[in-house]
Amino acid sequence: MELWYTEKQTDSYGITAKITETYVSEQTDFQKLDMIETEEFGTMLVLDGMVMTTDKDEFVYHEMVAHPALYTHPNPKHVLVVGGGDGGVIREILKHPEVEKAVLVDIDGKVIEYSKKYLPNIASGLDDPRVEVIVNDGFMHIHDHKNAYDVIMVDSTEPVGPAVNLFTRGFYQGIYDALKEDGIFVAQTDNPWFKADLIESVNRDVKEVFPIVRVYWANVPTYPSGLWTFTLGSKKHDPLAVNESSIPEIDTKYYSPRLHKAAFALPKFVEDLVK
Ligand code: SAM
């Protein structure tokens, strides 16, 4: 008998992946957590029925959350990741030698625990001496840490369940206050095919808080529609003002000095959402 995992991305559309094994299927204090083995994408973390990351395509998203902001900020020493319990963004942050401390704040310790066990390549950086892992609500953490970080990355689930507060105007103001005077913030902001209204509302809210706001995109095949956006807010440094020749070639498979600015060239129907 064949077993398939189907993610309903809208009420009438989804993706389906053939499963070879189920490692974990558990209701945590915050969400339903499934860790499954798929033929096409390898080990897959699913939270509340939504694909979070897979062994095969994880590098796209994690590189694109981390590197544009870290190569825009001239000297990112202290970095915060809100969410990101699988460890992928932390692994990418550690490729920047100037980063002295990377703090991860995920509300659900089970995501961290199971990612270390079943996604070791993605979670490889969580035990690095430069990393501090905190199990807490990111919304609370940023309000308790003013003027503390050079870069803040929000690698949260979609605005449902524990992540609802992470897509609000108040949260972006909290982010602004938790950043230093030339800080940069970036968040994953879903897809323009099924969540255009979210991209529009986040862009509007972030523009009310930050003087520089840029949106970029990447192809993540296992995320809804495959076209994934990121919204960057900056107090001072513009990612489009970066001299590509100053960006080194590092160990990546998607991000590159050539792609740094190219990723901000949006398809017209996405441009129209964020004008
Ligand atoms: N890359 C994925 C995406 O774009 O949907 C996100 C992956 S990461 C595993 C999402 C994490 O956000 C989860 O581990 C979840 O526990 C965490 N999270 C959700 N709400 C949170 C909150 N309020 N504070 C901290 N972490 C939160």
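Taking an unreviewed UniProt entry as the reference, the chain is identified by name as Polyamine aminopropyltransferase belonging to Paenibacillus plantiphilus.

*Asks:* A description of the overall build of the chain should follow, citing residues and the corresponding values.
*Replies:* Within the chain one finds eight helices and twelve strands. In terms of overall dimensions, the chain is globule-like: its C-alpha atoms have a radius of gyration of 18 Å, near the 19 Å expected for 275 residues. Dimensions of the chain, computed from C-alpha atoms along their principal axes, come out at roughly 55 × 45 × 35 Å. Within the chain, buried positions represent 57% of all 275 residues.

*Asks:* Run through the site of the ligand, naming residues and quoting values.
*Replies:* Within the structure, the ligand sits among 24 residues, and Q31, D106, G138, P162 and Y223 are positioned closest to it. Between the ligand and Q31, the relevant distance is 2.9 Å, taken from an oxygen atom to a side-chain nitrogen or oxygen of the residue. One of the side-chain nitrogen or oxygen atoms of D155 is found 3.0 Å away from a nitrogen atom of the ligand. Within the complex, the protein chains bury 99% of what would otherwise be the 600 Å² of accessible surface of the ligand. In terms of residue class, the shell around the ligand is made up of ten nonpolar, nine polar and five charged. Both domain 1 (3–54) and domain 2 (58–273) contribute no fewer than three residues apiece to the shell around the ligand.

*Asks:* Outline the nonpolar core, listing residues and values.
*Replies:* In globular proteins that are soluble, nonpolar side chains generally tend to be buried together. In this structure, L70, I90, I93, M153, V186, Y216 and F230 are the most contacted members of the largest nonpolar core, which totals 38 residues. Looking at this core, the elements with two or more residues in it are helix 1 (58–70), strand 6 (78–83), helix 2 (88–93), strand 7 (101–106), strand 9 (149–155), strand 10 (179–188), strand 11 (212–219) and strand 12 (227–234). With eight residues, helix 1 is the largest single contributor of residues to this core. With residues up to four places along the chain from it excluded, the contact list for Y216 reads M64, V65, P68, V186, W228, T229, F230, L232, A263, F264 and L266. In this structure, V82, A163, L166 and F167 belong to the second largest nonpolar core, which totals 24 residues.

*Asks:* Explain the domain arrangement of the chain residue by residue, including any values.
*Replies:* Partitioning the chain into domains gives domain 1 (3–54) and domain 2 (58–273). Its C-alpha centre places domain 1 at a distance of 23 Å from the equivalent point of domain 2. Across the domain 1/domain 2 interface, buried area totals approximately 2,100 Å², and carbon plus sulfur atoms make up 70% of it. Seen at the junction of domain 1 and domain 2, the total is one salt bridge. The partner of E26 in a salt bridge is K110, and the shortest N-O contact between them spans 3.4 Å. In this structure, the connection of domain 1 to domain 2 is made through six residue pairs in polar contact (both at pLDDT 80 or more). At the level of secondary structure, the elements contributing two or more residues to the side of domain 1 that touches domain 2 comprise strand 1 (3–10), strand 2 (13–27), strand 3 (32–38), strand 4 (42–47) and strand 5 (50–54). When its residues are assigned to classes, the side of domain 1 that touches domain 2 shows 13 nonpolar, seven polar and two charged.

*Asks:* Which residues make up the sheet that holds strand 3, and what values go with them?
*Replies:* The five strands are arranged 1-2-3-4-5 in an open sheet whose pairing can be described as antiparallel. Two strands close off the open sheet at either side, each with one partner strand: strand 1 and strand 5. Strand-to-strand twist in this sheet, taken as the mean axis angle between neighbours without regard to direction, amounts to 45°. Where strand 1 lies against strand 2, seven bridges are found, and the strand directions are antiparallel. Bridging across to strand 2, K8 finds its partner in G14.

What counts as what
- Residues numbered from 1 in each chain as written.
- Predicted model: local features only at pLDDT ≥ 70, side-chain atom pairs only at ≥ 80, totals over all residues.
- Heavy atoms only, no water.
- Helix = DSSP H or I, 4+ residues; strand = E, 2+ residues; numbered from the N terminus.
- Rg over C-alpha atoms; globule rule 2.2 N^0.38 Å.
- Buried < 20%, exposed > 50% of the residue type's maximum accessible area, 1.4 Å probe, protein only.
- Near = heavy atom within 4 Å.
- Polar contact = N/O pair within 3.5 Å; in protein donor to acceptor, adjacent residues only side chain to side chain.
- Areas by Shrake-Rupley, 256 points an atom, 1.4 Å probe, with all protein chains shown as cover.
- Nonpolar A, V, L, I, M, F, W, Y, C, P; charged D, E, K, R; others polar.
- Domains from an automatic or database assignment.
- Core = buried A, V, L, I, M, F, W, Y, C linked by side-chain atoms within 4.5 Å.
- Contact = heavy atoms within 4.5 Å.
- Buried area = accessible area lost by both parts, 1.4 Å probe.
- Salt bridge = Lys/Arg side-chain N within 4 Å of Asp/Glu carboxyl O.
- Pairing = 2+ DSSP bridges.
- Axes fitted to C-alpha atoms, helices over the stretch in contact; angles between N-to-C directions.

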